[in-house]
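# Structural characterization, general
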Amino acid sequence: MKLYSAKQIYKADRISIEKEKIVSDELMERAALQLFNWIHLHIQGAPVKIHLFCGIGNNGGDGIALARHLLDHGYNISVYVINYSERRSKDFLINLERLKTRKCWPSFISSDDEFPKIGKDDIIVDGIFGIGLNRTPDDWVVEIIQNLNKSEAFILSIDIPSGLFTDQGPENLEAIIKSNFVLTFQSPKLVFFLPQTGPFIEQWEVLDIGLDPEYLETTETDFELIGKNEALRVYKPREKYAHKGSYGHSLIVGGSYGKMGAVCLAASAALKAGSGLVTAYVPKIGYSILQTSLPEVMVLTDSNVDMLENIGFDMEPTIVGIGVGMGTNDKTVTGFAYFLNKNKKPLVLDADALNILSKNKSLLKKIPENTILTPHPKELERLIGAWEDDFEKLDKVKEFSKKFKCIVVIKGAHTIVVQNDKGYVNTTGNPGMATAGSGDVLTGVITGLRAQGYSALNAAIFGVYLHGKAGDIAVESTGYQSLVASNLIESIGSAYLDLFKMPEHPITEEPSEQ
C-alpha cells in the first residue's frame, strides 16, 4: 500500500474533482458520509454524547458535514468551532450553512472562552486540523488539545490527529491529539508508523472516498506499507525437483566468549527461513556449543579460542551474515577488516560488525553493493549521527544508502527498509519482540532468504515481514513479557503458512425446520 504525501493527496483531490466534473464540497460530502457510516455501524444509535471539535478549514468542514448526518439520525451532539483564524475554507462555510438549516448552532470557541464539560463516557470527534498543518498551533489552541487529551473520553480523529504534521517532525509533542482511533482518507499517513509520532494513534482504519484510481495507481511514493499482500508478491515457492543446493548456503560469522547464543539463534533462523545449507564460523570455544545445539548446522572455527581473529575459510557460501555476538576486540577488528578486503560475497551486517564500521568509517567503502545493514537505533546513530526527529533520521538513512549503495533496515515498532530514496514500512511485530536475541533472529532470516535467491531488497522486506509475523503468532501463546527469541524461530514456519490462510468468514446458522 502506498503512503501518499500531503501534496499528493491534495493533487488526487483536484484531479478527482476535475475528472468527475464535481465541485469540491461534493467530495467533502462523500468523506462525511463515509465517516458517518463507520460511526453509525459501530455505535448503532446508542444514546452517547458526541462532541465534535471542528477547525475552520476542510478538516473542520468534514466534521461539520458529519455533524449534520449525525443530527439527521437522532444522535446527541454538540458542535464546537475552534476559531483560530479569520480565514475559513469555502467548503467549511457551505457545510456550516447546511448545518444551521437543521437548527443546530455550533459554539465558536476563541482564546478567552471556557472549555466545555466532557464526560469520560462521551465521544470526541477531532476535526480541528487536517493534513495541511505546517506550524504548531497558538498556545490557547494547544491548551484545548491538552484538555481534550485529559478528558478520558474516547477520541476519534478525522484523517489525522490534530496537531500532527504530515510530512515533517513535530515541534511540540504537547500540541497533538492523542487519538484512540483515526479514520483516515484513502491511505494511512507515514507519521502513523514513526517512533516519535506513532504513539498518538492507537488504531486506524482507511476510508475510501473514491479519489481518482488512475492517479493513485501511477503515482510513485517515497514510502510503501508492507502487509500480507505485498509479502505474497515477493514470496518464492519451492520447486518439486529442487535439492538443498538449490536454496543456497548461508554462512553465519560471529560469536565470542559468552556470546555464542547469538550465532545459534541466527544460524537456526537461517535454516528455518529456508536456506538449503547453513555453516557457522565461530571461535574454537563455540564448536561444541554449535554441534550440540544445532545438528543441522555445519561448523568452522577460527584459530582463536575466545574470539574471532582470522576470519578466513575455504568454502564458497552464497551469502555471509556477520557480526552477531562477535565483539569489538582489536584482534576482531583487524580480522573483520581483513575479511572485508578479500570478500566478494553478498553480506548481511549486524551488531558488532556495525559497531566496528561506525568506529572505522573507511571500511564502509569495502562493503559490496546491496549489502544489507540491520542496526538497532543506537547502532544506527553511531553510523549516521544523531537526528532531531524521525524525518531527519529518514533523510540521513537515505543519503547513507545512496552513498554506500546499501540497504538499511531501521529496526523499530514498525521496521523500515530503506534503499536509496525509497522506504518500506513493515506492519507486523509487537512489543514482546523487544527481547534479547530478536535481532539475531532477524539477521538469520534475512541471510536465509538471500541464500535462496531473493534479491537484497526483497530479502530485507520479506525477512522483516516474516520475522514480525512469527512474533505475532508466537505472542498468542506466550504473552508479551514471556516471548523470547527462540519462540520467534519456532514460529517462522507458521508465518510462512499464514501467507496462504484465507480470512475466516462468520458461520451463519441454517434456519431450523419446524
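Residues numbered from 1 in each chain as written. Predicted model: local features only at pLDDT ≥ 70, side-chain atom pairs only at ≥ 80, totals over all residues. Heavy atoms only, no water.

## Section: helix α8 (residues 260–273)
Turn by turn, an α-helix covers 3.6 residues, leaving residues three or four places apart pointing in a common direction. Spanning 14 residues, α8 covers 20 Å between terminal C-alpha atoms, matching the ideal 20 Å at 1.5 Å per step. Most of α8 sits out of view: eleven of its 14 residues are buried. Residues of α8 that are buried sit in contact with β10 (249–253), β11 (277–282), α9 (287–293), α14 (438–451), α16 (485–490) and α17 (492–498). Positive backbone phi, approximately 120°, marks Gly 274, located one or two places after α8. (Helix = DSSP H or I, 4+ residues; strand = E, 2+ residues; numbered from the N terminus. Expected span 1.5 Å × (residues − 1). Buried < 20%, exposed > 50% of the residue type's maximum accessible area, 1.4 Å probe, protein only. Contact = heavy atoms within 4.5 Å.)

## Describing the pairing of strand β5 (residues 123–127)
Of all the five residues making up β5, five are buried; the element is thus mostly covered by neighbouring parts of the structure. Side chains of β5 alternate between two faces, with Ile 123, Val 125 and Gly 127 and Ile 124 and Asp 126 buried alike. Taken together, the five bridges between strand β2 (residues 49–54) and β5 define a ladder with parallel strand orientation. Bridged to His 51 within β5 is Ile 124. Of the pairings in the sheet, the one linking β5 to strand β6 (residues 154–158) comprises four bridges and is parallel in character. Residue pairing in the sheet places Asp 126 in a bridge with Ser 157 of β6. (Pairing = 2+ DSSP bridges.)

## Remarks on the sheet that holds strand β7 (residues 181–185)
Spatial strand order, β4-β3-β2-β5-β6-β7-β8: seven strands in an open sheet with parallel pairing. The open sheet terminates on both sides in strands that have one partner only, identified here as β4 (107–109) and β8 (204–207). Each strand axis lies, on average, 20° off the axis of its neighbour in the sheet, ignoring direction. Two strands pair when backbone bridges link them, and β7 and β8 are joined in this way by four bridges, in the parallel orientation. Following the sheet pairing, Thr 184 is matched in β8 by Val 206. Those strands touched by helix α3 (residues 58–72) are β2, β3 (76–82), β5, β6 and β7, and its axis lies near 155° from that of β2. Against the sheet, helix α5 (residues 139–150) engages β2, β3, β4, β5 and β6, with an angle of about 155° to β3. (Axes fitted to C-alpha atoms, helices over the stretch in contact; angles between N-to-C directions.)

## Some points on the pattern of salt bridges
Opposite charge on two side chains allows them to pair when their charged atoms are near. Following the criterion strictly, the structure yields 20 salt bridges and no others. Residue Glu 20 pairs with Arg 30 through a salt bridge whose shortest N-O separation is 2.7 Å. Here the residue Glu 20 occupies a position in helix α1 (residues 6–20), and Arg 30 occupies one in helix α2 (residues 24–43), the gap between them amounting to ten residues. Each of Lys 19, Asp 212 and Glu 214 takes part in one network of salt bridges that share partners. (Salt bridge = Lys/Arg side-chain N within 4 Å of Asp/Glu carboxyl O.)

## Quick word on the sheet that holds strand β17 (residues 416–419)
Ordered by their spatial adjacency, eleven strands build an open sheet running β1-β9-β18-β17-β16-β15-β14-β13-β10-β11-β12, and the pairing between neighbours is mixed. Two strands close off the open sheet at either side, each with one partner strand: β1 (2–3) and β12 (298–301). Bridge count between strand β14 (residues 347–349) and strand β15 (residues 372–373): two bridges; the pairing is parallel. Each bridged residue has a counterpart across the sheet, and for Leu 349 the counterpart in β15 is Leu 373.

## Considerations on the nonpolar core
Counting 96 residues, the largest nonpolar core has Ile 50, Leu 52, Phe 336 and Leu 349 as its most contacted members. Setting aside its immediate chain neighbours within four residues, Phe 336 contacts Ile 311, Ile 322, Met 326, Leu 349, Ala 353, Ile 356, Leu 357 and Leu 363. In terms of nonpolar packing, the next biggest core, distinct from the first, is built from 40 residues, Ala 231, Tyr 465, Leu 483 and Tyr 496 among them. (Core = buried A, V, L, I, M, F, W, Y, C linked by side-chain atoms within 4.5 Å.)

## Remarks on the packing of aromatic side chains
According to the stated counting rule, one finds 15 aromatic pairs in the structure shown. Seen from their ring centres, Tyr 235 and Tyr 496 are 6.2 Å apart, and the 65° between their planes marks the pair as edge-to-face. Remark: Tyr 496 occurs in helix α17 and Tyr 235 occurs in the loop between α7 (228–234) and β10; sequence separation between them is 261 residues. By relative accessible area, which is 15% here, Tyr 496 ends up buried. Taking the centre distance of 5.2 Å and the plane angle of 75° together, the rings of Tyr 235 and Phe 500 count as edge-to-face. Of the two residues, Tyr 235 sits in the loop between α7 and β10 while Phe 500 sits in the segment after α17, which places them 265 residues apart along the sequence. (Phe/Tyr/Trp six-rings, centres within 6.5 Å; stacked < 30°, edge-to-face > 60°.)

## Here's the deal with unusual backbone geometry
For Lys 21, which is not a glycine, the phi torsion comes out positive at approximately 55°. Locating Lys 21 in the fold gives a position in the loop between α1 and α2. In this structure Lys 21 comes out as exposed when scored by relative accessible area, which is 73%. At Ala 351, a position not held by glycine, the phi torsion is positive, near 55°. According to the relative accessible area criterion, Ala 351 is buried, its value standing at 13%.

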